[in-house]
Structure formats: C-alpha cells, structure tokens
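Examination of the molecular architecture
Read off the chains here:
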Amino acid sequence: MEEMEEVCCSHKVKERSEKEYKDLIHRLNRIEGQIRGIKGMVERDVYCTDILVQVAAVNAALNSFNRELLANHIRTCVIKDIKEGHEETVEELLVTLKKLLK
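In what follows, the accompanying structure is described.

The rules we used
- Residues numbered from 1 in each chain as written.
- Predicted model: local features only at pLDDT ≥ 70, side-chain atom pairs only at ≥ 80, totals over all residues.
- Heavy atoms only, no water.
- Helix = DSSP H or I, 4+ residues; strand = E, 2+ residues; numbered from the N terminus.
- Rg over C-alpha atoms; globule rule 2.2 N^0.38 Å.
- Buried < 20%, exposed > 50% of the residue type's maximum accessible area, 1.4 Å probe, protein only.
- Axes fitted to C-alpha atoms, helices over the stretch in contact; angles between N-to-C directions.
- Parallel < 35°, antiparallel > 145°, perpendicular 65-115°, else oblique.
- Left-handed = near helix turned anticlockwise from the far one by under 90°.
- Contact = heavy atoms within 4.5 Å.
- Nonpolar A, V, L, I, M, F, W, Y, C, P; charged D, E, K, R; others polar.
- Salt bridge = Lys/Arg side-chain N within 4 Å of Asp/Glu carboxyl O.

Scanning the protein chain from terminus to terminus reveals four helices and zero strands. Scanning the protein chain from its N terminus toward the C terminus, one meets helices and strands in the order α-α-α-α. Taking 102 residues into account, the globule formula puts the C-alpha radius of gyration at 13 Å, and the protein chain, at 17 Å, lies well above it. Projected onto the principal axes, the alpha-carbon positions of the protein chain cover approximately 55 × 30 × 20 Å. Looking at the protein chain as a whole, 15% of its 102 residues are labelled buried.

Laid out in structure tokens, this is it:
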C-alpha cells in the first residue's frame, strides 16, 4: 500500500485534453467491468481456467492502458519539462519505468 500512497501523493498535476481524458476513462471503465465479471465468475464457482483466461485479458488491458498513459506522459509532460530545463524529469521517468518493468 505504501507504493500506491507514493504515487497518489505526487505534487504534480496533469491537464489532459478532453479526448485523452475520455479515452483513458473509457479504458478504465471497460477494465472495471472486466473485474466485476471476474468477481461474478468466482461467486458462481466458474471453472478455474475460465477465470484465469479472463484475468489474463484484464492484465493485457491494464498493460495497454499503461502503455497509452506512458506514451501520453512522454509526449507531453516529459518533453515540456525537458524544454523548460527540468532534467530531473528524466530520472523520474526512469524510476517509473523501473517500477513498471518489475
């Protein structure tokens, strides 16, 4: 839980375009629906391999979400910060990538 608190307590904010916001929320809503579906499968005693296949689909969806968010971050925040001389953003990005690639 400490890792999540570190991420959630960043002092930085990001203003997203309406399209970026809607795309990210749409992806998260779909993932949330998939998670609810998996919960329902467990509640209905569905066979393990069927649940595992759905969990793999959620993992793939989350990985796709991460790739999209990371690409947007690099295209906007990272480039902006580097242009403004905030080179520490590169180190921040490297730390983030290290966490994502565990």
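A few words now on the packing of helix 3 (residues 48-83) against helix 4 (residues 88-100). Close contact between helix 3 and helix 4 brings their axes to 10 Å; oriented N to C, the two are set at 165°. Classified by the angle their axes make, helix 3 and helix 4 are roughly antiparallel. When you trace helix 3 past helix 4, the crossing you get is left-handed. For the pair helix 3 and helix 4, the contacting residues are Asn66, Leu70, His73, Ile74, Val78, Asp81 and Ile82 in the first and Thr89, Val90, Glu92, Leu93, Leu97 and Leu100 in the second. Looking at side-chain class alone, the contact of helix 3 with helix 4 contains eight nonpolar, three polar and two charged residues.

Right, let's talk about the pattern of salt bridges for a bit. Applying the stated criterion to the full structure yields nine salt bridges. The salt bridge partner of glutamate 92 is lysine 12, with a shortest N-O separation of 3.2 Å. Separated by 80 residues along the polypeptide, glutamate 92 in helix 4 and lysine 12 in the loop between helix 1 (2-8) and helix 2 (18-43) bring together distant segments of the chain. For glutamate 92, a relative accessible area of 32% gives the class partly exposed. Judged by relative accessible area, which is 37%, lysine 12 ranks as partly exposed. Between lysine 22 and glutamate 18 there is a salt bridge, and its shortest N-O distance comes to 2.9 Å. Residue lysine 22 and its partner glutamate 18 are both found in helix 2; the two are separated by four residues, about one turn of the helix. For the pair lysine 22 and glutamate 18, one class covers both residues: exposed. Each of Lys12, Asp81 and Glu92 takes part in a single network of salt bridges with overlapping partners.

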